[in-house]
Amino acid sequence: MKEKPKKKKGRSMLQSVQREVYKNWSLYLLVAIPVIYLIVFKYIPMYGVQIAFKRYQPVRGIEGSPWVGLEYFEQFITNHKFWSIIRNTLCISLYSLATFPLSIVLAILLNYIPFRRFQKTVQLISYAPHFISTVVMVSIILQFLDTRNGLINFLITAFGGEAINFMGRKEMFYHIYVWSGVWQGIGYASIIYIAALAGVSPELHEAAIMDGATIMKRVWHIDIPSILPTVMIMFIMQCGSVMSVGYEKVFLMQNDMNLQVSEVIDTYVYKQGLTSSMPKYSYSTAVGLFVSVINVILLVTVNGIAKKASGSSLW
Amino acid sequence: MANAKTKRAIRHTFSDRVFLTVDFIILLLLLIIIAYPLLYIFFASFNAQVTKMGLSLIPEKWSLQGYNAIFEYKYIWSGYWNSIVYTIVGTIINLLVTICCAYPLSRKDFKGRGFVMVLCMITMYFNGGLIPTYLVVKDLGLLNSIWSIVLPGAMSTYNMIVMRTYFDTQIPAELLESAQLDGCGNINFLRSIVLPLSVPILAVVGLFYAVSHWNSYFNAMIYLTDRSQYPLQVILREILITNTLDPTETSTDIIAQQGMEERKNVMKYSLIIVASLPVLILYPFIQRYFVKGIMIGAIKG
């Protein structure tokens, strides 16, 4: 913080800018690379979002295409699939959100286990599925749930049940999606809470033990309040993406039998925009924008509520 | 040691002992639920008769037929090679761009700091979406080239912030001052002092990037149309999920068909193993780095 050019003459301000650039020119050179990247691959697409309000024709470009106002938004809202897509998206993401506390529970359970070796083993194993790719994860699901050869159906028939065609039953779709996600993500998601728990001051626990507090009481009155800020931040971030579920996985899990419940906004955008023979660029951009706006509104709202309620927020 | 243990044991009340027992049982169950499927896949890939495997892990008859079958398929090889190339090139570009952004932002005397930071943060919450990004890639003529895979995601703001936090907190400001007194320029300082001191964070961030390159399929699916350019994950999707590859020459002989189904089944398990092999081998080494990376990120969060 040196002299700040307050209300000097324009020329001297220019001079100070020049001096600054001259002094640190190499830093500006470095930062130019990411800035160019951001402009080309992030900000030009944001500018391109305007095709949601235009009838985009590739030959005419973004600029030359005629404005159509909210036509495509209307088209989406009046589409007969609109409500089912919104409902599917909300079901999947709210269901996933409901499993959010599980990783906190895991972190707490790990934190109290007295056997160091066992603790490390559980951590090592439970983080592992996180590194499995989406494609492999979905194929594991398909293999295990296979009607004839799958492990799960083997268990069911071994106990005298009827084999279930899991992927063909649409009421099963959400359970499969969410619980396979828990299987894959619970360990990795717990890392951040384990880190937060490690930061809890040991004196608090010692004092509580002196006073005869049980572990349950310490968890409730010391650990949870201590990690609450971290939990809130993670929760807000999750809420900010309620409308954009893990479409890469949903897309791979889709089949003709479950499409009715598995079509979510992002897969719909992809199909409308890129896979049909007559790509509806403008229409699917409008759908995507519609969702982004809802996401941002949710993020800001939840952040605001969290700020008021607990004092922790993203900004 | 033993003394401390007994002391603690005495202090544990009845309810604490119940808690710890339940805790232990839950974690043990979790361990089994997570580890069992992983082991099952591993052993199934070596099994001659997967369909008769049931619950037991160790195969009655070991065989490599699954692996033999997949290596006969040429797109596995090209896919593997492409994935390696995309991962290496992509990660190098990621690291370069991320360093170029993180280092200036960690310098307190850099005037453009706030502005560039905001520019980065905005992209965390807003983006143009699938189609506008696709159109940019298309207009730049990047479709069907490696650049469409490695450039659009050249930097993740999250990783950049992790790296910046490290530079900020781990590189003492005095180093810069003395280097400047010796007439050392910014770029020289970055190259010969900052980067050698930052190997841990470069490893962490590089690993974050590399794993996501290796595992991604969606960009390749939308930007590439030529099968010989597909990375492994897209080929896997064809074989494992959409079942495009069909090794059977539709045979009416039921026994032969059963054999084929068996073979296809084994092949799928082998494929899962082969595709995860690089990450599988690296995993024990990288997992503590990942943990470290998340913790550094958490300081900021």
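Residues numbered from 1 in each chain as written. Chains lettered and ligands numbered in written order. Predicted model: local features only at pLDDT ≥ 70, side-chain atom pairs only at ≥ 80, totals over all residues.

J.: Could you clarify how one ought to interpret the overall build of chain B in this entry?
T.: The number of helices and strands found in chain B is 14 helices and 0 strands. When the helices and strands of chain B are read in sequence order from the N terminus, they spell out α-α-α-α-α-α-α-α-α-α-α-α-α-α. Counting the 301 residues in chain B, one finds 35% classified as buried. Partitioning the intrachain contacts of chain B with sequence separation of at least 6 by distance along the chain shows that 73% fall at a separation of at least 24. (Helix = DSSP H or I, 4+ residues; strand = E, 2+ residues; numbered from the N terminus. Buried ≥ 20, exposed ≤ 12 C-beta atoms within 10 Å, placed from the backbone. Contact = placed C-beta atoms within 7 Å.)

J.: For this particular structure, what's the right way to read the domain arrangement of chain B?
T.: A common way to express how large an interface is: the accessible area buried when the components associate. Taken domain by domain, chain B comprises domain 1 (10-66) and domain 2 (74-244). If you average the C-alpha positions of domain 1 of chain B and of domain 2 of chain B, the two centres end up 37 Å apart. (Domains from an automatic or database assignment.)

J.: Help me out: how do you make sense of the nonpolar core in this one?
T.: Side chains of nonpolar character tend, in soluble globular proteins, to be buried together. Ranked by size, the top nonpolar core spans 107 residues in total, and within it Val287 of chain A together with Cys101 and Leu236 of chain B carry the most contacts. The leading source of residues in this core is helix H4 (residues 74-106) of chain B, at 9 residues. No fewer than three residues from each of domain 1 (10-66) and domain 2 (74-244) of chain B sit in this core. When near neighbours in sequence (up to four residues on either side) are disregarded, valine 287 of chain A contacts Phe76, Ile265, Tyr268, Val269 and Gln272 of chain A. (Core = buried A, V, L, I, M, F, W, Y, C linked by C-beta atoms within 7 Å.)

J.: Looking at this structure, how should I read the interface of chain B and chain A?
T.: Taken together, the contact pairs 76 residues of chain B with 70 residues of chain A. At 16 residues, helix H2 (residues 14-44) of chain B tops the list of elements feeding residues into the side of chain B that touches chain A. A class-by-class count of the residues in the side of chain B that touches chain A yields 51 nonpolar, 18 polar and 7 charged. (Nonpolar A, V, L, I, M, F, W, Y, C, P; charged D, E, K, R; others polar.)

J.: Whenever I open this one, helix H11 (residues 199-215) of chain B confuses me. Can you help?
T.: Helical periodicity: at 3.6 residues per turn, an α-helix aligns residues three or four positions apart in one direction. For H11 of chain B, built from 17 residues, the straight-helix expectation of 24 Å at 1.5 Å per residue is met to within 8% by its first-to-last C-alpha distance of 24 Å. Listing the buried residues of H11 of chain B in full gives Ile201, Val204, Val205, Phe208, Tyr209, Ala210, Val211, His213, Trp214 and Asn215 of chain B. (Expected span 1.5 Å × (residues − 1).)

J.: What am I meant to see in the environment of isoleucine 70 of chain B here?
T.: All names here are of chain B. With respect to the helices and strands, the residue isoleucine 70 is situated in helix H3 (residues 65-71). Judged by local crowding, isoleucine 70 falls into the buried class, with 23 C-beta atoms found within 10 Å. For the pair isoleucine 70 and methionine 267, spaced 197 residues apart in sequence, the C-alpha to C-alpha distance is 6.5 Å.

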